[in-house]
Each structure stands twice: as structure tokens, then as C-alpha cells.
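Survey of secondary and tertiary structure
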Amino acid sequence: MSSGNPLGDVEVTDPRAMRALAHPVRLAILDRLRRHGPSTATELAPHVGATPTVASWHLRHLAEFGLVQDAEPGPDRRKRRWEAVGRGFRFAPGADGESREAAGALAQLMFRRSADAPARWMAEVGPALPPQWLRLSGLADTRIALSPAELAELSDAVEQLLAPYVHRSTADRPPDARVVRLMRYVLPEGAEDDGGADTTGATGAADGPA
């Protein structure tokens, strides 16, 4: 794990790997494996919108780029079980056109996949949360003016803060802990907006979902 990757993500730099990831079934497979642990292609199939044969093909393709690997055999040792490598993955476009195009395709798919997550949370999860959890949930939307170096420093500080919680074992979690999804969108605005940046920021949902 590099010092710039405190969360222990797999670092994807090969444009071919980015293109391999830019597929809804493959992203769904990785998400399922990370959240629920090792599974067979047959177990994954109904959750990722594919047949067991197709899921198996996608798993082998992900394995070629080191994103999944064989897991310990289950009770039926004849069935191949898979697990995700790392807790997540990260990628960034390189200087060449192929890398930028591949990273752009992957980023676009990931944005689309997460776009309706807040609405689903509002409809399915939020209404049933206890008040103490509801008060802490919601949306923060802050605009600040930063240089590239400052944005990198801020992003690293956030990950350093998160890392102890990401790596904490289940046994070390408080009894009242539950999984919390922190979605971070880092969206530098266009040059024409630089002069009007709101450096005071605006944060919502201190009292509930926004």
C-alpha cells in the first residue's frame, strides 16, 4: 500500500483494466464480493443481472487484471469461489489519449451507477432509521477555491482520517456500529466559474436527510 493510498485500494493504471471495469456486470460483481465476501459465479448471478456462465466469464476477465482472485474453497470443493482483491479500487487518467478515454468511460459508468443511490436511500432506508442516525445523515455540498496541490492535500487528509475505520476489524467495532456509506464527489468546476467560488461553503442535513 502506498502512502498516497491509505485505504488499501487496488490501483488501476492499465487502460485495458479500466476498460474491463467499465461494464455494469463487472462493477456489480466487485461490489457484491466486497460487501458480502467470497461467492461462486452461481451465487453471484441473480444479484448482478447475469447467468452463472456469463458471471463466470466476467470473473475470469477481472482476474486477468488482478481485481478478483480464487478464495478458500467452501463446503463443496468442486465449486470455484472468488473474492475481491483489496477493499476497493482507484484509477486516474494518464497523459496519453488511450488512458484518458478509458478512464473517462469508467468514470462515466460509475457516476451513473451511483446517481440514484441518494434517492434509493431516501425511499428505502432513511424513513426507518432511528433518530440518532437520521440526524447524522444527509448531504454536504461545499464549494471552495483550491489549487491542485491543495485539493490533493485535502483528499489525502480525508483518506488518512478514514483509514483507521476502514481497516478496523469487526471485533473492534462498537456494539452499536453499522455500515455507513460516505460518497465523495470531487468536481472541479470550469474556468469560467473560478471567480465566483463560494469560499464559505454550504453544508446541509445537519438535522436529517437533504
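Quantities reported herein were computed from a predicted structural model and do not represent experimental measurements. (Residues numbered from 1 in each chain as written. Predicted model: local features only at pLDDT ≥ 70, side-chain atom pairs only at ≥ 80, totals over all residues. Heavy atoms only, no water.)

1. Side note on the sheet that holds strand 2 (residues 39–40)
What holds strands together in a sheet is hydrogen bonding between their backbones, with the strands either parallel or antiparallel. With respect to topology, three strands assemble into an open sheet ordered 2-4-3, the strand pairing being antiparallel. The sheet is open, and its two edges are formed by strand 2 and strand 3 (68–70), each paired on a single side. Two elements, strand 3 and strand 4 (residues 81–84), share three bridges in a ladder whose sense is antiparallel. Pairing of Val-68 across the sheet is with Ala-84, part of strand 4. (Pairing = 2+ DSSP bridges. Helix = DSSP H or I, 4+ residues; strand = E, 2+ residues; numbered from the N terminus.)

2. Regarding the packing of helix 3 (residues 41–48) against helix 4 (residues 52–64)
A packed helix pair is summarised by two numbers, namely the angle formed by the two axes and the spacing between the axes. Closest axis-to-axis distance for the helix 3/helix 4 pair is 8 Å, and the angle between their directions is 105°. Considered as vectors, helix 3 and helix 4 are oriented roughly perpendicular to each other. Note on element contacts: helix 4 touches helix 3 through Pro-52, Ala-55, Ser-56 and Leu-59, opposite Ala-41, Thr-42, Leu-44 and Ala-45. Of the residues that constitute the contact of helix 3 with helix 4, the class distribution is six nonpolar, two polar and no charged. (Axes fitted to C-alpha atoms, helices over the stretch in contact; angles between N-to-C directions. Parallel < 35°, antiparallel > 145°, perpendicular 65-115°, else oblique. Contact = heavy atoms within 4.5 Å. Nonpolar A, V, L, I, M, F, W, Y, C, P; charged D, E, K, R; others polar.)

3. So, the packing of helix 2 (residues 24–36) against helix 4
Axis separation between helix 2 and helix 4 bottoms out at 10 Å; the angle between their running directions is 80°. In this view, helix 2 runs roughly perpendicular relative to helix 4, as classed from their interaxial angle. Judged by residue contacts, Val-25, Arg-26, Ile-29, Leu-30 and Leu-33 of helix 2 engage Ala-55, Trp-57, His-58, Leu-59, His-61 and Leu-62 from helix 4. Classifying every residue of the contact of helix 2 with helix 4 gives eight nonpolar, two polar and one charged.

4. A look at the confidence of the model for the protein
On average, residues of the protein score 87 in pLDDT, and 89% of them are at 70 or above. Under a pLDDT of 50 for its full length, residues 199–210 has, in the predicted model, 31 contacts with residues more than four places off or in other chains. (pLDDT = per-residue confidence, 0-100.)

5. Things to note about empty space enclosed by the protein
Counting across every chain of the model gives one cavity of 30 Å³ or more. The volume enclosed by the largest cavity comes to roughly 40 Å³. Taken together, Val-10, Leu-30, Arg-34, Leu-67, Ala-84, Val-85, Gly-86, Gly-88 and Phe-89 make up the full set of residues lining the largest cavity. Its residues placed into classes, the lining of the largest cavity shows six nonpolar, two polar and one charged. (1 Å grid on protein atoms, 1.4 Å probe; cavity = no way out; pocket = protein on both sides within 12 Å on 5 of 7 lines; lining within 4 Å. Points joined across faces, edges and corners; volume = space filled by probe spheres on them.)

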